[in-house]
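The lines below spell out each chain.
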Amino acid sequence: MTLLALERVSKSHWRGRHEIVVLDDVSLELERGELVAIFGQRAAGKTTLLRIAAGIEAPDAGSVRFDGQELVGGRLRRLGGIHPRIGWVGRQAPFASGMRMLDHVALPLLKEVSAQEAERRATRALKRVGVGELANARWYELSDAERTLVTIAHGIVREPALLLADDSTSGLGVEERETVLGLLRSIADEQPTAVLATVPEIPDALRSHRVLSLSDGELLQAARRAPGEVIAFPQRRDGRA
Amino acid sequence: MSVKHAVLGLVIERPGYGYELIQRLEQRIEGWRPSETAVYPALRSLRGEGMIRAREASATRVVSAHRGVVWYEATEMGREEFRAWVRAPTDLAPQRDPFWLKVAFASVEDLPWLVELARELERACLERMAELGGQGSSVEDLRRDDVAWREIGQAWLRRTEAAQLAVRIEAVQQIRAAMKRAIQRHERSLGSAPAPSSEPSRQ
């Protein structure tokens with residue numbers, strides 16, 4: 001069943017009077033248990049696409065549906081939060097640099113459960129991504145790869161149905177990239193969670209179920225041959241930008 | 001690539017017959033997809049050159065289902081020839097993708113078609129990427145001490161294909177953007193002068 005559906009989404013950024021088309025009539029559907037990688041070069045609009053999928057940013061046109069409900073423009077956006085069942089793996093440091101990683105990861109839970117329960121779940125999330133030993137470490141003590149893993153733990157601690165990962169492999173070595181993508185793949189397989197991950201390099205996409213590419217506002221994907229075809233791509237006839 | 005060398009390599013690994021070799025070839029070098037029509041002539045030619053020979057039926061105790069099929073095994077000469085080929089220098093493979101030839105010789109009027117071709121090419125690369133994905137060993141697995149060279153070499157066949165696809169996708173994306181810009185420029189230049197058969201373009 002479709003969990004996330006972007007339908008004919010368009011988005012432009014404006015630099016003065018100059019319009020930069022970031023997303024041009026982009027459609028995408030995602031199911032639980034799927035890891036979908038979106039490849040795009042720097043400034044291709046990957047992060048914008050993820051922010052729109054998260055409901056953090058509104059598209060100029062088109063709709064975003066999460067679990068059958070319109071995501072953008074609803075109650076959530078007015079509250080300024082991210083949907084509780086959507087996890088975000090970004091690249092930001094914790095807001096307080098001296099925090100223990102356990103507290104950092106537990107933070108998203110504190111509004112929902114007791115501190116004790118939050119700590120228990122945060123411990124589990126850290127173990128799940130393979131860095132249980134970093135519970136008492138501080139951000140500045142971590143390597144880039146460890147930071148990425150902790151950030152993923154932060155993203156999955158609420159056991160989201162949809163996990164959005166924004167260039168999580170960027171800046172990592174080849175083996176570390178594989179570890180991260182392998183982890184995202186196992187999260188997709190096991191929970192099962194729908195995982196949408198942007199990747200700065202194509203080979204990073206190899207662990208995913210589907211590879212899409214974003215460039216010049218266009219999202220391209222391979223024809224899907226598995227049973228249960230869900231994507232109808234609007235056919236373009238010409239080379240108009 | 002040379003189907004002949006691939007077939008010879010397979011027969012050296014272990015004897016086989018035509019259909020079985022085609023299947024084994026697909027498993028071993030899945031990216032290449034040699035057709036039956038390439039494998040059988042390769043076998044004939046290798047046999048003619050004395051690189052492989054048909055196995056004697058009496059010596060093989062072939063089960064009845066395989067009666068009538070010709071099993072091939074490598075000759076000593078075939079092994080030597082193959083070893084020499086493995087160790088011989090390899091030329092840089094030439095650029096053979098007709099898309100780039102089209103791009104180089106296209107006129108501006110052709111570009112809208114080529115933009116669509118570029119999309120198709122990129123989709124095809126993504127599709128192949130998805131086929132390659134999910135299979136194969138990770139770099140970490142390959143570093144283990146108990147991994148046989150054959151598995152490592154096989155994995156790299158796939159990894160290099162993925163790397164080449166990645167480069168192609170990036171190049172196709174860039175040329176697509178460049179072609180779109182050229183089309184826009186062309187349309188603007190048409191817009192400034194009266195163009196009989198095209199719509200009045202207004203940006």
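Quantities reported herein were computed from a predicted structural model and do not represent experimental measurements.

Caption draft 1: Region of interest: the overall build of chain A. On a plain count of helices and strands, chain A comes out with six helices and ten strands. Across the 241 residues that make up chain A, the buried fraction comes to 46%. A separation of at least 24 residues holds for 68% of the contacts in chain A among residues at least 6 apart in sequence.

Caption draft 2: Representation of the confidence of the model for chain A within the structure. All names here are of chain A. Per-residue confidence for chain A gives a mean pLDDT of 85, with 88% of residues at or over 70. Across chain A, element-level confidence peaks in strand E7 (residues 162-165) with a mean pLDDT of 96 and bottoms out in helix H2 (residues 75-79) with 52. Per-residue pLDDT stays below 50 along residues 225-241; that stretch engages in 20 contacts with residues further than four places along the chain or on separate chains.

Caption draft 3: Molecular detail of unusual backbone geometry. All names here are of chain A. If you check the backbone angles, Arg8 has positive phi at about 45 degrees while not being a glycine. As for its placement among the helices and strands, Arg8 is situated in strand E1 (residues 2-15). For Arg8, a count of 14 C-beta atoms within 10 Å puts it in the partly exposed group. Despite not being glycine, Glu159 shows a phi value in the positive range, around 50 degrees. Checked against the element boundaries, Glu159 lands in the loop between helix H5 (144-156) and E7.

Caption draft 4: Highlighting the sheet that holds E7 of chain A. All names here are of chain A. One open sheet accounts for six strands, arranged E6-E7-E8-E3-E9-E10; its pairing is mixed. Because the sheet does not close on itself, it has two edges, and the strands there are strand E6 (86-89) and strand E10 (218-221). Strand-to-strand twist across the sheet, computed as the mean angle between neighbouring axes with direction ignored, equals 20 degrees. The sheet contact formed by strand E3 (residues 35-39) and strand E9 (residues 210-215) spans four bridges and is parallel. Following the sheet pairing, Ala37 is matched in E9 by Val211.

Thresholds applied
Residues numbered from 1 in each chain as written. Chains lettered and ligands numbered in written order. Predicted model: local features only at pLDDT ≥ 70, side-chain atom pairs only at ≥ 80, totals over all residues. Helix = DSSP H or I, 4+ residues; strand = E, 2+ residues; numbered from the N terminus. Buried ≥ 20, exposed ≤ 12 C-beta atoms within 10 Å, placed from the backbone. Contact = placed C-beta atoms within 7 Å. pLDDT = per-residue confidence, 0-100. Pairing = 2+ DSSP bridges. Axes fitted to C-alpha atoms, helices over the stretch in contact; angles between N-to-C directions.

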